[in-house]
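Take a look at the letters that make up each chain.
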Amino acid sequence: MEKLIINGGRELAGEIKVHGAKNSVLPILASTLLIRGVSILHNVPRLTDVDASIKILEYLGAKVKREGDTLIVDAKEIVENRIPEEMMREMRSSIIFLGSLLSRTGEAYLCYPGGCDIGVRPIDLHISSLRRLGAMIYESGNCLCCRRNSLHGAKIILTFPSVGATENIIITSVLAKGKTTIINAAREPEISDLATFLNSCGAKIFGAGEGTVEIEGVESLHPSSHSIIPDRIVTATYMSAAALNAKELLIKDIRAQHLMPIMPVFMEMGCKLYLDANNLKIVSPKRLKRVRTIKTMPYPGFPTDCQSIVMAALTKARGTTIINESIFESRFKHISELNRFGADISVNDSVAIINGVKNLYGANVFCTDLRGGASLVIAALAAQGRSTIGNIHHISRGYEKIEENFAQIGADIKRIDDEREVTKNE
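Asks: When you look at the state of the cysteines in this model, what are you seeing that I'm missing?
Replies: A complete count under the given rule lists one disulfide for this structure. Two residues, Cys111 and Cys143, share a disulfide whose sulfurs are 2.2 Å apart. Here Cys111 and Cys143 share a disulfide; its torsion about the S-S bond, 40°, makes the bridge right-handed. With Cys111 in strand S6 (residues 107-111) and Cys143 in strand S8 (residues 143-148), this pair connects stretches of sequence that are 32 residues apart. Exposure remark for Cys111: the relative accessible area of 5% places this residue in the buried category. With relative accessibility at 21%, the residue Cys143 sits in the partly exposed group. Among the cysteines around Cys145, which has no disulfide bond, Cys143 carries the closest sulfur, lying 6.9 Å off. According to the relative accessible area criterion, Cys145 is buried, its value standing at 9%.

Here it is as structure tokens:
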């Protein structure tokens, strides 16, 4: 079992680069099924979630080749319409293959997805929306069976601006007959990136990134190339680490407009932010200030994915911060692990109360989920002494070589494999 060993208290400095967005590349990879040809995707990070998507594509019949951070996906021949349960359970976003596989083959058979246990992510919006587009969907055990005679445009009003449902509707609609309108669509930057890729392939998607999205169905899509946007959650992770552990840090390859929901929080903490083209320099105070209240909201509100990451920085802030998690009901599991470092955090239903402490201390902790795992890394970097972080397979889902990236800016961090160590000693 792999784990991270971190000797904390070292000052971070220099520059660090942000890789491509996990939440952008996954739906784009699924949408390549619609293209009877070769799609070329640049700035694709090496993540286990990306690997899981590649395995699904290859199982379905696509040929995938990686050259550095570029993926070449050849979906000319798709020979399967079933995704095995073990592949579906590797990540929560695997449900995004529902629309693309149904649109490409006319049938789709897949089981409910897996991934981090951060609360209920109902897929009823996915199912009801695809039914509006002409899909026939029924359940068989824990699997979904989907068929279509023909897909047609429809007006779909989402009761919640679900990112996954918005993506599934867009992907299913691009080759459907007629016009589809999504009301109360998710507005996240990753939605816009998906639309940009599909439009480059000949789709007609309008308004992506706004509350209303319109899709005019086309007969077919053609091959294209696309560069994945930078990962705004990874950027926020580096910002939080810098706020705690660096006098200043240069974060490269960012997309400034995607950071607007989180920048006011860092400024309230006392950080100074300097934007230059695609780079961000963060200058931190001697001690961070508390933030009065943070409430997670759909974009352009404060992202739920940043909640635990920013919380880690606020563990050493002067004063008390209130964080209200309004998206997922089980996204505070990391708090008990943060408290092992000496943090003072309490929870009342969906509200976390963070009383800043002067010092954190090394601890043995375990990742509970992807972003919660990142918060433990941030805390360990700031803690006095040695920390061990287990269950880091969660972190590998969304961060490429996190230990190497932090090591290059001064962190004492390494990844070890317990099983290999035991074998070596035997």
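Asks: Please clarify how the pattern of salt bridges should be interpreted in this entry.
Replies: Throughout the structure, instances matching the rule amount to 14 salt bridges. One salt bridge in this structure joins Lys55 and Glu90, with 2.9 Å as the shortest N-O distance. In this pair, Lys55 is assigned in helix H2 (residues 48-60) and Glu90 in the loop between helix H3 (85-88) and helix H4 (97-105), connecting sequence segments 35 residues apart. Across the pair Glu214 and Lys179 runs a salt bridge whose closest N-O atoms are separated by 3.4 Å. Highlighted residues: Glu214 in strand S12 (residues 212-216) and Lys179 in strand S10 (residues 179-183), separated in sequence by 35 residues. The class of Glu214 is partly exposed, set by a relative accessible area of 29%. Connected through shared salt-bridge partners, Glu2, Glu403 and Arg415 make up one network.

Reading the values: rules and limits
Residues numbered from 1 in each chain as written. Predicted model: local features only at pLDDT ≥ 70, side-chain atom pairs only at ≥ 80, totals over all residues. Heavy atoms only, no water. Disulfide = S-S within 2.5 Å. Helix = DSSP H or I, 4+ residues; strand = E, 2+ residues; numbered from the N terminus. Buried < 20%, exposed > 50% of the residue type's maximum accessible area, 1.4 Å probe, protein only. Salt bridge = Lys/Arg side-chain N within 4 Å of Asp/Glu carboxyl O.

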